[in-house]
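Commentary on secondary and tertiary structure
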Amino acid sequence: MTGRKLIRATLAGTALAASLCGGAAVGADGVRVLRAWDETVEVAGRSVRGRVELVFDYGQGLAFEQTYDEQGHLVDRRPGPRIPTPSPEEIEEAISVVSADPALAAVVETHRAYVDGGFILDEPAGKPCGPRSRCLQIFAFRVDAGAAPLFRAVVDLTREGAASIVHRDTWDQGVPR
């Protein structure tokens, strides 16, 4: 298996494992669990076995850390990191949005390319990927032509459908145009 295929297979396996642990989908409330782990938590002055979830609220554009006691009751919710690392499910969602775009899908098909990425884009206030956005960069690469991407698409997961693609850049011989 090539390095790129191995990475994609690993991401797919991680996404499957996360979905089996209940953290893959965006809930009806617009919140997705990015990561979750069991640890000892403090409840009413005593230490108990609990669970901590790092979640992203797409409606608010903010991350939170939620703590649950041993019965699964929410006992604390506080702000999380400003820009948490994307989950495998978020990366797959962004890739799906790009793959569903007719113009971008045509480029991928024409050049027998593959898409990859998932890097966060953090822009200043007033820009499409400014505060309270959740922008992931997805690139298309030709299988037979080095590391220069064919395009970069930036998907804001706080938006719906085609409007979620907030930037589209194309390259010619590795030079943005």
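Residues numbered from 1 in each chain as written. Predicted model: local features only at pLDDT ≥ 70, side-chain atom pairs only at ≥ 80, totals over all residues. Heavy atoms only, no water.

Enumeration according to the criterion identifies 4 aromatic pairs in this entry. In this structure an aromatic cluster arises from ring pairing among Y114, F119, F139 and F141. Directly above the aromatic system of F64 lies the positively charged group of R77, at a separation of 3.8 Å from the ring centroid. Positioned over the ring face of F56 is R134, at 4.8 Å from the centre of the ring. (Phe/Tyr/Trp six-rings, centres within 6.5 Å; stacked < 30°, edge-to-face > 60°. Lys NZ or Arg CZ within 6 Å of the ring centre and 35° of its normal.)

Let us look at the environment of K127. Assignment of secondary structure puts K127 in the loop between β5 (113-121) and β6 (135-142). Taking the C-alpha atoms as reference points, K127 and V166, 39 residues apart in sequence, are found 9.8 Å from one another. (Helix = DSSP H or I, 4+ residues; strand = E, 2+ residues; numbered from the N terminus.)

Moving on, we come to the nonpolar core. Residues V98, F151 and V155 are the most contacted members of the largest nonpolar core, which totals 22 residues. For this core, the secondary-structure elements that each account for two or more residues are β2 (46-57), α2 (88-100), β5, β6 and β7 (149-156). No other element matches the 5 residues that α2 contributes to this core. Among residues more than four places away in sequence, those in contact with F151 are V98, L104, V107, V108, V115, I138, F139, A140, D169, T170 and W171. In this structure, L121, C135, V154 and V166 belong to the second largest nonpolar core, which totals 5 residues. (Core = buried A, V, L, I, M, F, W, Y, C linked by side-chain atoms within 4.5 Å. Buried < 20%, exposed > 50% of the residue type's maximum accessible area, 1.4 Å probe, protein only. Contact = heavy atoms within 4.5 Å.)

When strand β1 (residues 31-43) meets β2, the two strands line up antiparallel, connected through 12 bridges. Bridge assignment links A36 to a residue of β2, and that residue is E53. Adjacent in sequence and paired antiparallel, β1 and β2 are bridged by 2 residues, among which A44 carries a positive phi angle near 50°. Relative to strand β3 (residues 62-68), β2 runs antiparallel, the two being bridged by 7 bridges. Residue pairing across strands places D57 opposite L62, the latter belonging to β3. The hairpin formed by β2 and β3 contains 4 residues between the paired strands, and G61 there has a positive phi angle of roughly 70°. (Pairing = 2+ DSSP bridges.)

Quick look at the sheet that holds β2 now. Spatial ordering of the open sheet is given by β1-β2-β3-β4, a layout of 4 strands whose pairing is antiparallel. The open sheet terminates on both sides in strands that have one partner only, identified here as β1 and β4 (74-79). Within the sheet, the average angular offset between the axes of one strand and its neighbour, ignoring direction, is 20°. Two strands pair when backbone bridges link them, and β3 and β4 are joined in this way by 5 bridges, in the antiparallel orientation. Considered in β4, the bridge of Y68 is made with L74. (Axes fitted to C-alpha atoms, helices over the stretch in contact; angles between N-to-C directions.)

This paragraph deals with the pattern of salt bridges. Applying the stated rule across the entire model yields 12 salt bridges. Between R152 and D169 there is a salt bridge, with its nearest N and O atoms 2.4 Å apart. In this pair, R152 is assigned in strand β7 and D169 in strand β8 (residues 165-172), connecting sequence segments 17 residues apart. On the basis of relative accessible area, R152 is assigned to the buried category, the value being 15%. Overall, D169 belongs to the partly exposed group, its relative accessible area being 22%. Between D156 and R159 there is a salt bridge, with the nearest N and O atoms lying 3.4 Å from each other. On the basis of relative accessible area, R159 is assigned to the partly exposed category, the value being 38%. Within this structure, E65, D76 and R78 form a network of salt bridges that share partners. (Salt bridge = Lys/Arg side-chain N within 4 Å of Asp/Glu carboxyl O.)

What follows concerns the state of the cysteines. Per the counting criterion, the structure on display carries 1 disulfide. Bridging C129 to C135, the disulfide has an S-S length of 2.2 Å. Where C129 bonds to C135 through sulfur, the torsion about that S-S bond is close to -90°, and the disulfide is left-handed. Overall, the relative accessible area of 0% leaves C129 in the buried class. (Disulfide = S-S within 2.5 Å.)

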